[in-house]
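Breakdown of the fold
Residues per chain are reported as follows:
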Amino acid sequence: MFIYLSKKIAIPNNIQLSVISWNKAEGFIACGGDDGLLKVLKLEAPDDQKIKGLAAASNLSMNQTLEGHSGRIQVITWNQIHQKLTTSDQDGLIIVWMLYKGSWYEEMINNRNKSVVTGMAWNSEGEKICIVYEDGAVIVGSVDGNRIWGKELKGQSFTGVEWSPDGNVLLFSIGTGEVHLYDSQGEFLNKMIIMCHGQNSTGYVRIVNLRWYNGRFGYIEPECPSLFVCYEDGKVQIMRSESDDKPVIIDAGMAVSDCQWNHNGTMLAVAGNINAAQSGEKDCNAVMFFSPFGDHVRTLKVPGRQLASVAWEGRSLRLSLAVDSFIYFANIRPDYKWCYFLNTVVYTYLSPGKADYNVIFWDVKNNEKYHKPSPIVLAMAASDEHCCILVRKDDQDLKFGMMLCNAIGTPVDSRYTDVELRYVTMTKTHVFAASRESFFVWHYHTPKGISARDIATTQSDDQKTKERVYHVDDMISGVETSRHYERQAARKHTNDPITCLASHETMLLIARESGVVQVYMLPQLIFSNRYTVECRPQKIAVNCDATRISLIDVTGILYFFDLERNDPEKGKRAGELVKFERKDVWDLIWAEDNADMCALMEKTRMLVFRNLDPEEPVASSGYLCRFKDLEVTTVQLDEVLIRPDRPHPKLVAQLESKAMRDTKEILENTGLKEAQEFVEENPHPRLWRLIGEAALEMLETEVAETAFVRCKDYPAIQFAKRLNNISSENIKQAEVLAYFGEFEDSEKAFLDADRRDLAIDLHRKMGNWFRVVQLLKTGVGGDDMLMHIALNKIGDFYADNLKWDQAAKYYEQVNQNEERLCKCYYLMEDYQKLEELVENIAENHKALPEIAKMFASVGLCEPAVKAYQKCHKDKEAVEVCMYLNNWRYAVELARTTNIQDTGSYLAKYAQYLLSKNKRIQAIELFRKAGYFLEAAKLLFQLTDLEVKKGSKPMRIKKMYVLAALMVQQHNEKMMNAKGKGLGQKSSVMLGLMEAENQSALGDLRVLDNAWKGAEAYHFFLLAQRQLYEGARDAAMKTALHLRDYETILPLADVYSLLALSSCANSAFSTTSKAFIRLESLPDATPEERQAYEDLAMEIFMKYSPKDSKSNRAECIHCETMIPDWVTICPSCGTRFPSCIASGRPIMDPNQAWECPTCKHQAFESEITVRQTCPLCHAPVYAAE
């Protein structure tokens, strides 16, 4: 931060000023003094002025004297929200002023006539005002003049008042030096703890001011101190809240008259008088500036006898001081956290209500901005293509970090340490960051600069050699030290702390508080030399060849120092201070291409020095970004930070040096020859380039070539030589216009010379393909190849901007452009056109595989297969079918294309599904692929699991039916396959051959007993249904049939159902047999057996174990009368099929109906009333 006095306004009649206040919203300045003097001033710069910022000429746009007071003005306060001015004098008269049509008028008057007003304060919303009097009276009123409440606190003498930011607490300063806290209704809360005078202080010290920053513009840190209490003896207590027990204590060491926060709470101005006994000089007025954490930043000495009051401007760029009968204005140049590289300005700002900083990377050339949130930013520096930002993270052990970022704000690398970093500088290869006692060296690598050897190096080894911490007092010899020593050195105290850093590719410069400058040679980092300058450096910089350094001290005095060097004429020269000194300097930058040139900011003007000789100054208040080619790039950071998220490109300016301006003036007013002579006397590559460009405009090609040779611009030399070979003056003029970027005029000149081909070639080189197409269409004839290229380029332009429909329109106009078209159709999701493209494209076209992948990515199987088949990639076609789970299609393709390893793909996928416990998906996979036997086996396994889980019988039956149908499909498939090769062989032989081909006994079991499980659960459900319907005899006969399925059904269920149905049918003999089996079940528990015995005893105590009736039927083979429920004739051994509808045996085949699907039989009389097969539920009409 740099501050200097810039303006002085005298008050008429030498009336002494007592108070001054600056309206931060509108810029009005109110000042009051003796004899009721009250004036409102306003400093403004004209809107049409080219120069912006502090350098702009500011005039008094308002100078109004307000009449109404007669006594000395003591208190002035602004209501910035409602634009009201409240003033009070020594007689207790209070006047509220309002702005009307550009002038201030009296709105309200209040005179208590009992005491003097000692303090007034508006709350942060501007709705309430609190007024305190010397006799202890307090009044709180509204903005419209109504009284809200009032109190008289006897025995108290108030000296000031302040609201808390939320408006809930009132702070009163008492004449005894205490601060009392009241709520917004006037109820006493407690006393503030005052620690700045210690516990043993005697006597009272008056409180000069009491202010609480309301956080409107954010806080520089979380928990940042924002409330201060300032005493007359120079003691200041800064607190985070009204109850803070660890406040920041400041001793300014002077008699304080006023103290004020700046607009965002980052700087505290303490104004007063320094006693001669304390300063060692004569008495003087001064303003001391402190950070919220108590760090002394700067001191401004002010002339005059009595400094009465101080006020900040709205953006804290100026300070107004009431001194005697004058108003002094001081300009402030803040130390913004910013840097510049690659046409990018990097800066930070705070957002209200957010803890993080906002870092903006502003590309000033393209006016593009990249916002990056960041932890607390401490400093930043830039070099070449990167910048380094010092940050602090309080939520981690290693709090201080260095973030290496590129020009769009992307972090490239970072390092963290526990060293409290404050300063940073960098080169193309190193970052140097320093605390007050030590400095951190980081040899960084950017991604494009990393070699294969660097990649092979481990991270731990890399960090050991590329990161080091050194103490500033150590004599570094290049020998590596231990990590333990470095950690100890980083914390060692020094009596001469570091104040600033600078670096060059060959050296590191560290400036210390005493004026010592230490030089270290790079890249080994070896201590080289130590120089002493009688100043306290604030900024240090080194020129482009590392022969001279510049130092700016805390008072703004600039020094130059020549470093030790080897002079060819004088031998080795020691470092020496140059006899040169400039005051009020706050920024300096060395030229990148001339070691003897630099640009500096002195107050509100920029000066360029060549060999220590100044050129004519230029009015500016911008910060220096770059000095190259006799042009200084500046940025108006003050204006940028007004709207930090929307900076205007005009805030970055290119200021020319005097040599550049003079050369241009000679070229305009005198001539090329005189300008050439001037540049001969003041040679510089940029000036020779200027001569060369002017010569080109005049078509003086020989002069241009000579000038370009002097500035070593090889492309320009070649261009000048090419112009020499052109005979037509018109074409020469057109080429020159194109060289200077005036392409429209150049095209017109080519067309006037009837050289449409050169105009087309011009736009082709510039990439203006739209104009190329227009010129090709308007001319006679044309180059078809160039037209195709142009159309493709236009299509590429639309594709790059994601306008795929427009790109496709241009691609369609060109033949053999399938690769670009397919991408457009795919991204447009126009799959119909993509299919048409496949139909029209030639076989084996290189775009076909890519189109097939596009179809596959959206699940379109058939178009993908067509695309693969058209380029004869059959294997990929099968793989895409399997990828999209179209396994039947995959198998058909595999068979038609003779691909043999489809089964392996199928097995792998099925194994994967089974490993994920996805049995259903695996079954569906085998079924769709035509591997019915494998699907059936998995389904049988799944059904067995369902049986163990005790699932519902209907669900189990359905699963068995589905598995049996799959087995049946497998048999039919195999019979068809064998039948094609065996001609007229019988189906029985086919079945035997199939059985022989099975590789496992499990497969035979599945084939033989495919329907047995379905039959078992079908008859089990049928018996229960018959029993519930009252068909007790039919239920018993069906239950008797269940005995054939003891290996499938639970025995307890089978014989329990049989016992129940036979008992209901009065067939107690059958019931007795069923109970015998139940009691002998191997899995039955003793309790269950006892229950069976008890139930059997209860039944057979009432009924004899005999069947009441027994229907008999005749066996059609041996004519023996047998029970009508038996399925095998005892005499001849004939097996009778069971009716799947009623459960009864079918003894007469002529009465039977056979299901065409499951091949099971039922009585025709039972089927006539049904639509589907009772077992497999296939339609009955399928039998036709």
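Position numbers for residues count from 1 along each chain, tracking the sequence in the order it is written. Only residues with pLDDT of 70 or above have their local features reported here, since the model is predicted, and side-chain atom pairs are shown and tallied only from 80 upward, although totals for entire chains, interfaces and linings are computed over all residues. Hydrogens and water molecules were not included; the side-chain quantities draw on all heavy atoms of the structure.

Describing the overall build of the protein
To be explicit about the condition: Helix and strand assignments follow DSSP, with helices taken as H or I runs no shorter than four residues and strands as E runs no shorter than two, numbered in order from the N terminus. In this scheme, a residue with accessible area under 20% of its type's maximum is buried, one over 50% is exposed, and one in between is partly exposed, where area comes from a 1.4 Å probe on protein chains only. The criterion used for residue contact is that any of the two residues' heavy atoms lie within 4.5 Å.
Scanning the protein from N- to C-terminus turns up 34 helices and 62 strands. Relative to its 1184 residues, the protein shows a buried fraction of 50%. Taking all contacts inside the protein whose residues are at least 6 apart in sequence as the whole, residues at least 24 apart take part in 45%.

Examining helix H19 (residues 848-857)
H19 sits mainly inside the fold: seven of its ten residues count as buried. The complete set of buried residues in H19 reads Leu848, Pro849, Ile851, Ala852, Met854, Phe855 and Ala856. Along its buried surface, H19 packs onto helix H17 (818-828), helix H18 (831-840), helix H20 (861-870) and helix H21 (874-883). At the exit of H19 stands Gly859, carrying a positive phi of roughly 85°.

Focus: the confidence of the model for the protein
Counted only if it meets this: As a per-residue measure, pLDDT reflects the predictor's confidence and takes values from 0 up to 100.
Summarising the model, the protein shows a mean pLDDT of 86, and 89% of its residues fall at 70 or more. For the stretch residues 455-464, pLDDT sits under 50, and the model shows seven contacts to residues farther than four places along the chain or on other chains. Across residues 982-1001, confidence stays below pLDDT 50; counting only partners more than four residues off in sequence or on other chains, it has 15 contacts.

Examining the sheet that holds strand S36 (residues 411-417)
Using the following cut-off: We call two strands paired when DSSP finds no fewer than two bridges between them. Angular values range over 0 to 180 degrees, each being the angle between N-to-C directions of two axes fitted as lines to C-alpha atoms, with helices fitted over their stretch in contact.
Pairing in this open sheet of four strands is antiparallel, and the strands run S33-S34-S35-S36 from one edge to the other. The sheet is open, and its two borders are formed by strand S33 (376-383) and S36, each paired with just one other strand. Pairwise comparison of adjacent strand axes, ignoring direction, gives a mean angle of 20° for this sheet. In this sheet, S36 lies alongside strand S35 (residues 400-405) in antiparallel orientation, the contact comprising six bridges. Looking at S36, one finds that Leu404 is bridged to Asp413.

Some points on helix H15 (residues 784-800)
Cut-off, in case you're wondering: A helix is expected to span 1.5 Å multiplied by its residue count minus one.
End to end, H15 covers 24 Å across 17 residues, agreeing with the expected 24 Å (1.5 Å per residue, within 8%). Among all positions of H15, only Leu786, Met787, Ala790, Leu791, Asn792, Ile794, Gly795, Asp796, Tyr798 and Ala799 are buried. Elements in contact with the buried residues of H15: helix H13 (756-766), helix H14 (769-778), helix H16 (804-811) and H17. Following H15 by one or two positions, Leu802 has its phi on the positive side, about 65°.

Notes on the state of the cysteines
Stated formally: Put simply, a disulfide is two cysteine sulfurs that come within 2.5 Å.
Within this structure, the stated rule accounts for zero disulfides. Cysteine Cys535 shares no disulfide, and the gap to the nearest cysteine sulfur, in Cys500, comes to 8.7 Å. Here Cys861 stays free of any disulfide, with the sulfur of Cys881 as its closest cysteine sulfur at 3.6 Å.

Focus: a nonpolar patch on the surface
Operational definition: Patches were defined on residues exceeding 30% relative accessible area and lacking a salt bridge, with like-charge contacts within 9 Å and nonpolar side-chain contacts (Val, Leu, Ile, Met, Phe, Trp, Tyr) within 5 Å. Accessibility throughout is a Shrake-Rupley quantity obtained with a 1.4 Å probe, and a residue counts as covered only by protein chains that appear here. Take a side-chain nitrogen of Lys or Arg and a carboxyl oxygen of Asp or Glu: if they are within 4 Å of each other, that pair is a salt bridge.
Together, Ile193, Met195 and Ile249 make up an exposed nonpolar region whose accessible area comes to about 260 Å². Inspection of the secondary structure assignment puts Met195 in the loop between strand S17 (188-191) and strand S18 (207-212).

A closer look at unusual backbone geometry
For the bond running from Leu522 to Pro523, omega is 10°, close enough to zero to count as cis. On the secondary structure map, Pro523 appears in the loop between strand S43 (516-521) and strand S44 (526-532). The phi angle at Leu342 is positive, at roughly 50°, despite the residue not being glycine. On the secondary structure map, Leu342 appears in the loop between strand S29 (338-341) and strand S30 (344-350). A relative accessible area of 45% places Leu342 in the partly exposed class.

Here we look at the side chain of His763
Looking at the element boundaries, His763 is found in helix H13. Those residues in contact with His763 that lie beyond four places of it in its chain are Glu747, Asn768, Arg771, Val772 and Leu775.

Brief notes about the environment of Ile194
Tracing the chain through its elements places Ile194 in the loop between S17 and S18. Sequence separation between Ile194 and Asp244 is 50 residues, and the spatial gap between their C-alpha atoms is 9.9 Å. Every residue in contact with Ile194, bar those within four places of it in the chain, is listed here: Gly177, Val179, Tyr231 and Gln237.

Remarks on the pattern of salt bridges
Applying the stated rule across the entire model yields 43 salt bridges. Ionic pairing is found between Lys191 and Glu178, a salt bridge with its closest N-O pair at 3.7 Å. With Lys191 in strand S17 and Glu178 in the loop between strand S15 (169-174) and strand S16 (179-183), this residue pair connects regions lying 13 residues apart in the sequence. Glu946 is the partner of Arg955 in a salt bridge, and the nearest nitrogen-oxygen pair spans 3.2 Å. You can call Glu946 buried: its relative accessible area is 7%. Connected through shared salt-bridge partners, Glu221, Arg392 and Asp394 make up one network.

Points about the sheet that holds strand S12 (residues 137-142)
Strand order in the open sheet made by the four strands is S10-S11-S12-S13, with antiparallel pairing throughout. Where the open sheet ends on each side, the last strands, each with one partner, are strand S10 (117-122) and strand S13 (147-152). On average, adjacent strands in this sheet sit at an angle of 10° to one another, irrespective of strand direction. Of the pairings in the sheet, the one linking S10 to strand S11 (residues 128-133) comprises five bridges and is antiparallel in character. Bridge pairing in S11 links Trp122 to Ile129.

Describing the packing of aromatic side chains
The condition is simple: Pairing of aromatic side chains here covers Phe, Tyr and the six-membered ring of Trp, requires ring centres within 6.5 Å, and sorts the geometry by plane angle: under 30 degrees stacked, over 60 edge-to-face, intermediate tilted. Two thresholds decide whether a charge sits over a ring: the Lys NZ or Arg CZ must be within 6 Å of the ring centre and within 35 degrees of the ring normal.
Per the stated rule, a full pass over the model turns up 36 aromatic pairs. An angle of 15° between the planes, with centres 4.6 Å apart, marks the rings of Phe719 and Tyr739 as stacked. In this pair, Phe719 sits in helix H10 (residues 714-724) while Tyr739 sits in helix H11 (residues 729-739), placing the two residues 20 residues apart along the sequence. Since its relative accessible area comes to 32%, Tyr739 is described here as partly exposed. The interplanar angle of 80° and the centroid separation of 6.4 Å between the aromatic rings of Tyr1017 and Phe1020 together place this pair among those described as edge-to-face. Taken together, the residues Tyr1017 and Phe1020, both in helix H29 (residues 1012-1029) and three residues apart, mark about one turn of the helix. Phe1020 matches Tyr1017 in its accessibility class, with the two residues each being buried. An aromatic cluster of three or more residues is present, and its members are Phe158, Phe172, Tyr182 and Phe188. Taking NZ or CZ as reference, Lys8 lies 4.2 Å from the ring centre of Phe326, over its face.

Here's the deal with the packing of H15 against H16
Worth spelling out the cut-off: For classification purposes, angles smaller than 35 degrees are called roughly parallel, those larger than 145 roughly antiparallel, those between 65 and 115 roughly perpendicular, and all remaining angles oblique. For this scheme, ten residues count as nonpolar: Ala, Val, Leu, Ile, Met, Phe, Trp, Tyr, Cys and Pro. Four count as charged, namely Asp, Glu, Lys and Arg, and the remainder, Gly too, count as polar.
Orientation of H15 relative to H16, taken along the N-to-C sense of each, is 170°, at an axis distance of 8 Å. As summarised for this structure, H15 and H16 are arranged roughly antiparallel, according to the angle between their axes. Counted together, Leu791, Asn792, Ile794, Gly795, Asp796, Tyr798 and Ala799 of H15 and Trp804, Gln806, Ala807, Tyr810 and Tyr811 of H16 form the full contact between these two elements. Each residue belonging to the contact of H15 with H16 can be placed in one class, and the counts come to eight nonpolar, three polar and one charged.

Focus: the nonpolar core
So the rule is basically this: Joining through side-chain atoms within 4.5 Å is the link that ties buried Ala, Val, Leu, Ile, Met, Phe, Trp, Tyr and Cys residues into a set, and such a set is a nonpolar core.
Among the nonpolar cores identified, the biggest contains 108 residues, and Trp338, Val345, Trp362 and Val635 are the most heavily contacted of them. Beyond its immediate stretch of four places on either side in the chain, Trp338 contacts Val345, Val346, Tyr347, Met380, Tyr623, Leu624, Cys625, Val635 and Leu637.

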